[in-house]
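# An overview of the molecular structure
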Amino acid sequence: MKLNLKIWRQKNREDKGKMVDYSIDHVSPDMSFLEMLDVLNEQLINKGDDPIAFDHDCREGICGMCSLFINGRAHGPNYGVTTCQLHMRSFKDGDTIFIEPWRAQAFPVIKDLAVDRSAFDRVIQAGGYVSANTGGAQDANCLPVPKENADKAFAAATCIGCGACVATCKNGSAMLFVSAKVSQLALLPQGKAEAQQRVLNMVAQMDAEGFGNCSNTGACEIECPKGISLENIARMNREFMKASILSEK
Amino acid sequence: MSNSALLKSSLVKKYWMSATGLFLCLFLAGHLAGNLQLLISPENGARDAFNMYGKFMTTNIFVKVLSIVTYISILFHAIDGIILTIQNRRARPVRYVKETPSASSSWASRNMALLGTVMLVFIVLHMLAFWKRMHFGPIETYIAANGEELKDLYSITVLSFKDADNGLIVCMIYLVAMIAIAFHLMHGFQSAFQSVGIRHPKYTPLIKKVGYGFALLVPLLFAIIPFYIRFML
Ligand code: HEM
Ligand code: SF4
Ligand code: FES
């Protein structure tokens, strides 16, 4: 099939950037969206043009590196998939496709469609871990974990840090990501010890990075490729309230 | 850390939105209960009943305290809402060329600030028309059936909707404002619970249902009053 592409091109962080039209022919419906961009890039390179920069790594939906705002939606028109798992059969011959980078104050564009998501790393560094002293592993039965909590913690831990929640949110809010990272530890006994300081520090870092506030529109949950639930945001709201009131620091 | 967090954090701003928003929902319910007396027919003493209620609302000490909490809540809610909205805009300085937000969120949830602004303009107009005259005049007094001297807010209210020149416009302003409240609360009611972390598989579906019911019923009953007065009295 033949497609018209409107793609954001931006030389570097300082460049203003603009949408540029491309057209591409002989696209197979079995290609992934990123493979389609690979083909376009080869054509650009053969012509001596600068190829389009975009993020990707595993190409199997688990690393969270791929991004792209496609036709006004994070990771494109399907629900519950990353861009690397989006296939060209989701489009029709002759379609025009808008391709833009994630847009948020906290995610500056590096080049073209690639954005700097290290703000997420700094939020994790602020408290998204347990300080465990290494030593012999203790008997697993010493730390009873109810099955429901284990399941919820696991579901929260499936967040791949892609940033689709921020990209989709009209406020560029990182609440879904941060709450998933707070929840996966808050639900487990290993995480309880540092729970107060963790939530206070991670939320403070989230605010300092310039992410927006949560209006509870729920768009993040719907566009999240891993189906992270708004339940996590409610849990973080509770944890933060408890910690702000009770924390002695 | 926790001290500054209690004042500055994004989450705490939302705790205040939630608390003031839900308090204002209680205020709306109380205000509606009072206003529904305007649906009493004049032969059954609507004028005395409504004006007696007006006197109670402006003199009773308990009501006075409540009304001050209400003024503060509206102010705080509006200012906090505007601050949140400005910060939210700043968090996305470059907009998308193509957006399809309806794929993932409701219109009301995305336009709380617009709806709130409509409501704020309405609240100012509404207070200039009734609250200001009740407190600072000019307003006529008369002797009620039980011999009490009452300010005649009832006649001001009825006349403002029945006025030949402006009455219909006034009625329409009320209608628009009530539609804005309905949409504001269709998202806001349940959102206020999520903001403070109240979410539970058993109760959240109920909260959403009650929220929709409240958001539709309360503005509807409010909106009936001006049209009843204009066309049925
Ligand atoms: C009787 C009047 C009002 C009631 C009952 C009311 C109620 C509510 C409720 C329950 C919420 C949800 C809070 C949350 O998400 O935690 C809310 C949000 C909001 N309200 Fe109001 N409100 C009223 C008036 C206003 C006014 C006058 C403004 C003027 C600016 C306003 C602006 C907002 C904004 C911007 C939000 C969304 C904040 C956000 O989540 O980003 N509201 N309101
Ligand atoms: S919560 Fe979902 S959308 Fe947000 S970063 Fe994690 S996986 Fe991506
Ligand atoms: S490239 Fe790893 S999730 Fe898409």
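Numbering of residues starts from 1 in each chain and follows the order in which that chain's sequence is written. Each chain gets a letter, beginning with A, and each ligand a number, beginning with 1, in the order they are written. Only residues with pLDDT of at least 70 get local features here, since the model is predicted, and only at 80 or more are side-chain atom pairs given and counted; chain-wide, interface and lining totals rely on the full set of residues. Remark: hydrogens and water are excluded; side-chain values derive from all non-hydrogen atoms of the structure.

## Some details on the overall build of chain B
Helix and strand labels come from DSSP, where a helix needs a run of H or I of at least four residues and a strand needs a run of E of at least two; each type is numbered from the N terminus. Assigned secondary structure in chain B consists of nine helices and two strands. Across chain B, helices and strands are ordered from the amino to the carboxyl terminus as α-α-α-α-α-α-β-β-α-α-α. A principal-axis box enclosing the C-alpha atoms of chain B has dimensions of 60 × 40 × 35 Å. Each residue's exposure class comes from its accessible area (1.4 Å probe, protein chains only) as a fraction of the maximum for that residue type: buried when under 20%, exposed when over 50%, partly exposed otherwise. Split into buried and exposed, the 233 residues of chain B put 40% on the buried side. We call two residues in contact when some of their heavy atoms are within 4.5 Å. Summarising the internal contacts of chain B: among those between residues at least 6 apart in sequence, 72% fall at separations of at least 24.

## Focus on the coordination of the iron atom of ligand 1
Metal coordination angles have textbook ideals: 109.5 degrees for a tetrahedral set of four donors and 90 or 180 degrees for an octahedral set of six. Residues and elements named next belong to chain B. Protein coordination of the iron atom of ligand 1 is provided by His77 (NE2) and His184 (NE2), with donor distances spanning 2.0 to 2.1 Å. Given six donor atoms and angles of 85 to 179 degrees at the metal, the environment of the iron atom of ligand 1 is assigned as octahedral. With His77 in helix H4 (residues 61-90) and His184 in helix H8 (residues 167-195), the pair connects residues that are 107 residues apart, well separated along the chain. When its relative accessible area of 16% is taken as the criterion, His77 is described as buried. The rule for donors is simple: an N, O or S atom within 2.8 Å of the metal counts, and for Na, K and Ca the reach is 3.2 Å. Water is not among the atoms, so a site may look short of donors. A four-donor site is classed as tetrahedral when every donor-metal-donor angle falls between 85 and 135 degrees; four donors are called square planar, and six octahedral, when trans pairs exceed 155 degrees and all remaining angles lie between 65 and 115, with any other arrangement labelled irregular.

## Quick look at the pattern of salt bridges
Between side chains of opposite charge, pairing is possible as soon as their charged atoms come close. A pairing counts as a salt bridge when a side-chain nitrogen of Lys or Arg comes within 4 Å of a carboxyl oxygen of Asp or Glu. Throughout the structure, instances matching the rule amount to 19 salt bridges over all chains. Residue A:Lys147 pairs with A:Asp151 through a salt bridge whose shortest N-O separation is 2.8 Å. On the criterion of helical spacing, the pair formed by A:Lys147 and A:Asp151 is a turn pair, its members being four residues apart in helix H3 (residues 147-157). On the accessibility criterion, A:Asp151 (41% relative accessible area) is partly exposed. For B:Arg47, the salt bridge is made with B:Asp152, and the minimal N-O distance between the two is 2.9 Å. Separated by 105 residues along the polypeptide, B:Arg47 in helix H3 (residues 46-59) and B:Asp152 in the loop between strand S2 (149-151) and helix H7 (153-162) bring together distant segments of the chain. What makes B:Asp152 buried here is its relative accessible area of 9%. Salt bridges sharing partners connect three or more residues here, namely A:Arg9, A:Asp50, A:Lys111 and A:Asp112.

## Concerning the nonpolar core
Among the nonpolar cores identified, the biggest contains 44 residues, and A:Val178 and A:Phe211 are the most heavily contacted of them. Element by element, the count of residues in this core is highest for helix H5 (residues 175-186) of chain A, at six residues. Domain extents, as shown, originate in an automatic or database domain assignment. The residues that make up this core include at least three from each of domain 1 (3-110) and domain 2 (118-133 + 142-247) of chain A. Residues in contact with A:Phe211, not counting those within four places in the same chain, are A:Ala106, A:Phe107, A:Ala119, A:Phe120, A:Val166, A:Gly172, A:Ser173, A:Ala174, A:Met206 and B:Ala91. Formed by 35 residues, the second largest nonpolar core is a distinct cluster that contains B:Phe122, B:Met178, B:Leu185 and B:Phe214. Buried Ala, Val, Leu, Ile, Met, Phe, Trp, Tyr and Cys residues form a nonpolar core when they are joined through side-chain atoms within 4.5 Å.

## What about the site of ligand 2?
Residue and element names in this part refer to chain A. Here a residue is considered near a molecule or strand provided that any single heavy atom belonging to it is located within 4 Å of it. Ligand 2 sits among 13 residues. The nearest are Cys159, Cys162, Gly163, Cys165 and Cys224. Broken down by secondary-structure element, the contributors of at least two residues to the shell around ligand 2 are helix H4 (164-168) and H5. We call Asp, Glu, Lys and Arg charged. Ala, Val, Leu, Ile, Met, Phe, Trp, Tyr, Cys and Pro are nonpolar, and the rest, Gly among them, are polar. Per-class residue counts for the shell around ligand 2 are 11 nonpolar, two polar and no charged.

## A closer look at a nonpolar patch on the surface
Residue and element names in this part refer to chain B. A contiguous nonpolar surface patch, about 740 Å² in accessible area, is contributed by Trp16, Ile68, Tyr71, Ile72, Phe76, Trp131 and Phe136. Broken down by secondary-structure element, the contributors of at least two residues to the nonpolar patch are H4 and helix H6 (112-136). Counting residues per element, the nonpolar patch draws most heavily on H4, which supplies four residues. For Phe136, the position within the fold is in helix H6. Any residue with relative accessible area above 30% and no salt bridge may belong to a patch, with like charges joined within 9 Å and the nonpolar Val, Leu, Ile, Met, Phe, Trp and Tyr side chains within 5 Å. A 1.4 Å probe and the Shrake-Rupley method give the accessible areas. Residues count as covered only by the protein chains that appear here.

## Quick look at the sheet that holds strand S5 (residues 96-100) of chain A
Residue and element names in this part refer to chain A. Should DSSP find at least two bridges between two strands, the strands are taken to pair. If you walk across this open sheet you meet the five strands as S2-S1-S5-S3-S4, and the pairing is mixed. Bordering the open sheet on either side are strand S2 (18-24) and strand S4 (73-74), each of which pairs with just one other strand. Relative to S5, strand S1 (residues 3-9) runs parallel, the two being bridged by four bridges. Each bridged residue has a counterpart across the sheet, and for Leu5 the counterpart in S5 is Ile97. Sitting on the sheet, helix H1 (residues 33-46) touches S1, S2, strand S3 (69-70) and S5, and the angle it makes with S2 is about 90 degrees. Axis lines are fitted through C-alpha atoms, for helices just across the contact stretch, and the angle between N-to-C directions can take any value from 0 to 180 degrees.

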